Amino acid sequence: MWSRCLGALRAHEHRYLLTTPAFAQTVRFSSGTTTTMGAIGTRTVDTTERLAKLRELLKKPENNVKAFVVPSEDQHFSEYPAHSDERRGFISGFNGSAGCAIITLRDAYLFTDGRYFLQASQQLDSNWKLMKQGLPEVPTWQDFLSKHLEQGTRIGIDPTLISAVDAESLKESLEPRGSELVSLQQNPVDVVWGKDRPTRPQNSVFPLDVKYAAGETSQSKLKRLREEITKKNAVASVVTLLDEVAWLFNLRGTDIDFNPVFFAYAVVTPTEALLFINGAQLQDSVKTFLGSDVEIRSYESFLPSLKQLTTSLGASKEKPMLLGDKTSLAVVEAIGQDNASLVPSPVAAMKAIKNETEIEGFRQCHIRDGAALTRYFAWLEEQLNSGVELNESQAADKLEEFRSELQLFRGLSFTTISSTGPNAAIIHYSPERDNCAIIKKDQVYLCDSGGQYLDGTTDVTRTLHFGTPTEEEKRAFTRVLQGHISIDTAVFPTGTSGYIIDSFARRALWQEGWVVVTMMLDCRHGTGHGVGHFLNVHEGPHGIGTRIAYNSTSLKAGMTVSNEPGYYSDGCYGIRIESIVIVREAKTPNNFGNGYLCFERVTMCPIQTKMIDFSVLTAQEREWLNAYHAETLEKVGPLLRNDPRALQWLERECSPV
């Protein structure tokens, strides 16, 4: 097995060195439109000229910096920025969703985490040094600036792209070395990008019917936010994250791929609600929907308006403007640090707890989504058994087709991860349309996908084998399944965070104790993330994982979160089992303290029993599996009456074991 893995890894890496030179590819979405997005599998981009031009700009008197930081974020700290905001991807050639570039007058560094080690190593050219964050002796990009650059370094930053919290922490760490953080008036990457930089989307915004929007009007949400403003003795709340603006006003848009949001800011005072947006995106019907209580202002006027509002509202240290803790340094500079209070966003906290209307929407959209997944896996198995040759991208397109036929479908919630064999070990792999692997029956196939529906958002991963899995693959799959079941069945005291229960998912993996250099018997990603309601598929502030930030937000009834332990053997295969669960109150024999919580699973898609090593599965875990499959068959089966092939596949996969 050891030699086979090394051989597969070498072949895997070699294949990607021979692919097309484009930085991005054109992808068709269910709407019929096209968009440009990066994908793993593209050849490295020659960044020599780009870096040379950037360094010349850094030396100019108006900048006069020796290093420049290029984060992944846009000015709203969106997980998936618009293509016009993919500055780090442009300057480095690495287009994974997480990473930070630091360019000095001599060197260039790309910092990213374990999800993207393979992808980054394949996409970065020789100008770059890959910094594998999380490995021993590899600093974070912040520590690199404060401990590894020479003393007295002026470090340039675009103040709209760094949070005020991070900027303050970074300034403090730089001070002992005599270095400083410098806010540049113009982002030099934008200058280098020039006319080739895509324009910012300005698509029409549409209202979300109150029957889908949790049965709560925007006026009700604004009232709740105003109550928080009063509690905190503030004069206003500034809302800068796109999903928070969309949720607050019950609006949705299509400015960013996969996330139904639009470019906007908001300021809410005890008597006013200001929405900063490109007016051309609002039709008269949307303005009527918002009502006369919401004042529309131009998107570009946001920062200048903040300066005026700070004065007119009488903001001060005693009565500040409330800013979420992800607000940019530019916003704080506009308001004045003494007039701003950086706190966990009250909108995020309200949005994270779904009410019964939203929860029912999650249940229903996951049942429909399960029918699409069932049709897809049944179809894929039939094609492979018939000898049809399909690549990963063709398969992903078929899954999107099945989803597009569902009621209330509005698009994918992220790029489908359709990955076979060694590609499944690349956690955020995305197949390139014209140059990706052929799906093989004798390899593990991992599919991580999701849909956006008017009544909810889905995110589900299933790992299958269409041939005969090896004993090692079955063992690894079973350990991942045991971690999944451990989270699913967890009962925990109110006040417990996802940071505390994360080890539940890893216990079975740790139990193996395999020590093989190429294998990672542990998750390289968090065990769970929050999920928005027809909003971002990744939503905070809660989650399940080892990130210390997760310990600051306890899990509360009504929160949605994914349950997705995984196992990744570089160059061989990857395994992940993911379902969405909802935090609910638990009924326990005793009720000491403030009560207990548990999870209600809503994802309805079979878990392949062929991949299970039953010698390590307990009786209780077998009982859980049978109960889950019985529920899946009961709920999804009726939607497949017109597809006998899919129904037969579902009945077989849900058979008791």
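Structure: see above.
Now for a description of the structure that goes with this document.

## Some words on the overall build of the chain
Here is step 1 of the chain: When helices and strands are counted, the chain shows 19 helices and 31 strands.
Here is step 2 of the chain: In terms of overall size, the chain behaves like a compact globule, its C-alpha atoms giving a radius of gyration of 25 Å where 657 residues would be expected to give roughly 26 Å.
Here is step 3 of the chain: Its C-alpha atoms give the chain principal-axis dimensions of roughly 70 × 55 × 50 Å.
Here is step 4 of the chain: For the chain, the residues scored as buried account for 60% of the 657 residues in total.
Here is step 5 of the chain: Here the analysis covers contacts within the chain between residues at least 6 apart in sequence; of these, 70% occur between residues at least 24 apart.
Here is step 6 of the chain: Surface summary for the chain: the accessible area is close to 26,300 Å², and the carbon and sulfur share equals 50%.
Here is step 7 of the chain: In the chain, which carries 68 positive and 80 negative side-chain charges, the distance between the mean positions of the two groups comes to 1 Å.

## Observations concerning the side chain of Asn278
Here is step 1 of the chain: The residue Asn278 is located in the loop between strand 13 (273-277) and helix 10 (284-290) in this model.
Here is step 2 of the chain: Here the side chain of Asn278 touches Gln202 through a polar contact of 2.8 Å, side chain to side chain.
Here is step 3 of the chain: In contact with Asn278, other than residues within four places in its own chain, are Gln202 and Tyr299.

## Things to note about the nonpolar core
Here is step 1 of the chain: In terms of nonpolar packing, the biggest core is built from 56 residues, with Phe249, Val267, Leu275, Leu306 and Met321 touching the most fellow members.
Here is step 2 of the chain: Sorting elements by how many residues they give to this core places helix 9 (residues 242-249) first, with six residues.
Here is step 3 of the chain: Ile367, Leu380, Leu390 and Phe409 belong to the second largest nonpolar core, which has 53 residues in total.

## A look at the sheet that holds strand 3 (residues 67-71)
Here is step 1 of the chain: The mixed open sheet is built from six strands, whose spatial order is 6-5-4-3-7-8. Edge strands, defined here as strands with exactly one partner in the open sheet, are strand 6 (128-132) and strand 8 (180-183). With direction set aside, neighbouring strand axes in the sheet form an average angle of 25°.
Here is step 2 of the chain: Sheet topology note: the strand 7 (residues 154-157)/strand 8 ladder contains four bridges and is parallel. What sits directly across from Ile157, in strand 8, is Ser183.
Here is step 3 of the chain: Against the sheet, helix 2 (residues 48-59) contacts strand 3, strand 4 (100-104), strand 5 (108-112) and strand 6, and its axis sits at roughly 65° relative to strand 4.
Here is step 4 of the chain: Against the sheet, helix 6 (residues 164-174) contacts strand 7 and strand 8, and its axis sits at roughly 140° relative to strand 8.

## Observations concerning unusual backbone geometry
Here is step 1 of the chain: Following Gly540, the chain continues to Pro541 via a peptide bond in cis, the omega torsion being 5°.
Here is step 2 of the chain: Note on placement: Pro541 falls in strand 26 (residues 539-544).
Here is step 3 of the chain: In this model, Phe77 sits at a positive phi of 60°, which is unusual for a non-glycine residue.
Here is step 4 of the chain: Summarising the element assignment, Phe77 is placed in the loop between strand 3 and helix 3 (87-92).
Here is step 5 of the chain: Overall, the relative accessible area of 19% leaves Phe77 in the buried class.
Here is step 6 of the chain: A positive phi angle is found at Leu408, which is not glycine, with a value near 70°.
Here is step 7 of the chain: Its location among the elements puts Leu408 in the loop between helix 15 (392-404) and strand 17 (409-412).
Here is step 8 of the chain: Owing to a relative accessible area of 27%, Leu408 belongs among the partly exposed residues under this scheme.

## Some details on the side chain of Asp369
Here is step 1 of the chain: Examined against the element boundaries, Asp369 turns out to sit in helix 14 (residues 356-385).
Here is step 2 of the chain: Of the polar contacts made by the side chain of Asp369, one reaches the side chain of Thr458; its length is 3.3 Å.
Here is step 3 of the chain: For Asp369, the residues in contact, after removing those within four places along its chain, are Arg403, Leu406, Gly451, Tyr453, Thr458 and Val460.

## A word on the pairing of strand 5
Here is step 1 of the chain: The buried count for strand 5 comes to five of five residues, which makes it a mostly enclosed element.
Here is step 2 of the chain: Burial along strand 5 is two-sided: Ala108, Leu110 and Thr112 facing one way and Tyr109 and Phe111 facing the other are all buried.
Here is step 3 of the chain: Here strand 4 runs beside strand 5; their pairing, made up of four bridges, is antiparallel. From the neighbouring strand, Cys100 faces strand 5, where its bridge partner is Phe111.

## Considering a nonpolar patch on the surface
Here is step 1 of the chain: Together, Tyr499, Ile500 and Ile548 make up an exposed nonpolar region whose accessible area comes to about 290 Å².
Here is step 2 of the chain: Tracing the backbone shows Ile548 in the loop between strand 26 and strand 27 (560-563).

## So, the packing of aromatic side chains
Here is step 1 of the chain: In the structure shown here, the tally under the stated rule is 18 aromatic pairs.
Here is step 2 of the chain: Aromatic side chains Tyr445 and Phe466 sit 6.2 Å apart centroid to centroid with 45° between the ring planes, which places their arrangement in the tilted category. Note that Tyr445 is positioned in strand 19 (residues 444-449) and Phe466 in the loop between strand 22 (460-465) and helix 16 (471-488), a separation of 21 residues in sequence.
Here is step 3 of the chain: With a relative accessible area of 5%, Phe466 lands in the buried category.
Here is step 4 of the chain: Among the aromatic residues, ring-to-ring pairing joins Phe263, Tyr265, Phe276, Tyr299 and Phe302 into one connected group.
Here is step 5 of the chain: The ring of Tyr550 has Arg547 sitting right over it, with the charged end atom 4.8 Å from the ring centre.

## Regarding the environment of Tyr499
Here is step 1 of the chain: Positionally, Tyr499 belongs in helix 17 (residues 498-512).
Here is step 2 of the chain: Each C-alpha atom, one on Tyr499 and one on Thr230, is 31 Å from the other, the two residues being 269 residues apart in sequence.
Here is step 3 of the chain: Every residue in contact with Tyr499, bar those within four places of it in the chain, is listed here: Gly543, Gly545, Thr546, Arg547, Ile548, Tyr550 and Asn551.

## Regarding the pattern of salt bridges
Here is step 1 of the chain: Tallied over the entire structure, the rule returns 39 salt bridges.
Here is step 2 of the chain: Where Arg224 meets Glu216, a salt bridge forms, and the shortest distance between an N and an O atom there is 2.9 Å.
Here is step 3 of the chain: Judged by its relative accessible area of 30%, Arg224 falls in the partly exposed class.
Here is step 4 of the chain: Across the salt bridge formed by Lys232 and Glu228, the nearest N and O atoms sit 3.2 Å from each other.
Here is step 5 of the chain: By sharing partners, the salt bridges in this structure join Asp85, Arg87, Asp190, Arg197 and Arg200 into a single network.

## Comments concerning the sheet that holds strand 13
Sheets are built from strands paired through backbone hydrogen bonds, the pairs being either parallel or antiparallel.
Here is step 1 of the chain: Spatial strand order, 14-13-12-10-15-16: six strands in an open sheet with mixed pairing. The sheet terminates laterally at strand 14 (294-297) and strand 16 (340-343), the two strands that pair on one side only. Averaged over all pairs of adjacent strands, the angle between their axes in this sheet comes to 25°, without regard to strand direction.
Here is step 2 of the chain: Sheet topology note: the strand 15 (residues 321-324)/strand 16 ladder contains four bridges and is parallel.

## Some details on helix 15
Here is step 1 of the chain: With 13 residues, helix 15 should reach 18 Å at 1.5 Å per residue; the first-to-last C-alpha distance of 19 Å fits that figure.
Here is step 2 of the chain: Among the 13 residues of helix 15, ten are classified as buried, and the element is accordingly described as predominantly covered.
Here is step 3 of the chain: Every buried residue of helix 15 is listed here: Glu392, Ser393, Ala395, Ala396, Asp397, Lys398, Leu399, Glu400, Phe402 and Arg403.
Here is step 4 of the chain: Looking at where helix 15 begins, the residue whose side-chain oxygen comes 3.0 Å from the main-chain nitrogen of Ser393 is Asn391.

Procedures and definitions
- Residues numbered from 1 in each chain as written.
- Predicted model: local features only at pLDDT ≥ 70, side-chain atom pairs only at ≥ 80, totals over all residues.
- Heavy atoms only, no water.
- Helix = DSSP H or I, 4+ residues; strand = E, 2+ residues; numbered from the N terminus.
- Rg over C-alpha atoms; globule rule 2.2 N^0.38 Å.
- Buried < 20%, exposed > 50% of the residue type's maximum accessible area, 1.4 Å probe, protein only.
- Contact = heavy atoms within 4.5 Å.
- Areas by Shrake-Rupley, 256 points an atom, 1.4 Å probe, with all protein chains shown as cover.
- Lys, Arg positive; Asp, Glu negative; His and termini not counted.
- Charge placed at Lys NZ, Arg CZ, Asp CG, Glu CD.
- Polar contact = N/O pair within 3.5 Å; in protein donor to acceptor, adjacent residues only side chain to side chain.
- Core = buried A, V, L, I, M, F, W, Y, C linked by side-chain atoms within 4.5 Å.
- Pairing = 2+ DSSP bridges.
- Axes fitted to C-alpha atoms, helices over the stretch in contact; angles between N-to-C directions.
- Patch = residues over 30% accessible without salt bridge, like charges linked within 9 Å, V, L, I, M, F, W, Y side chains within 5 Å.
- Salt bridge = Lys/Arg side-chain N within 4 Å of Asp/Glu carboxyl O.
- Phe/Tyr/Trp six-rings, centres within 6.5 Å; stacked < 30°, edge-to-face > 60°.
- Lys NZ or Arg CZ within 6 Å of the ring centre and 35° of its normal.
- Expected span 1.5 Å × (residues − 1).

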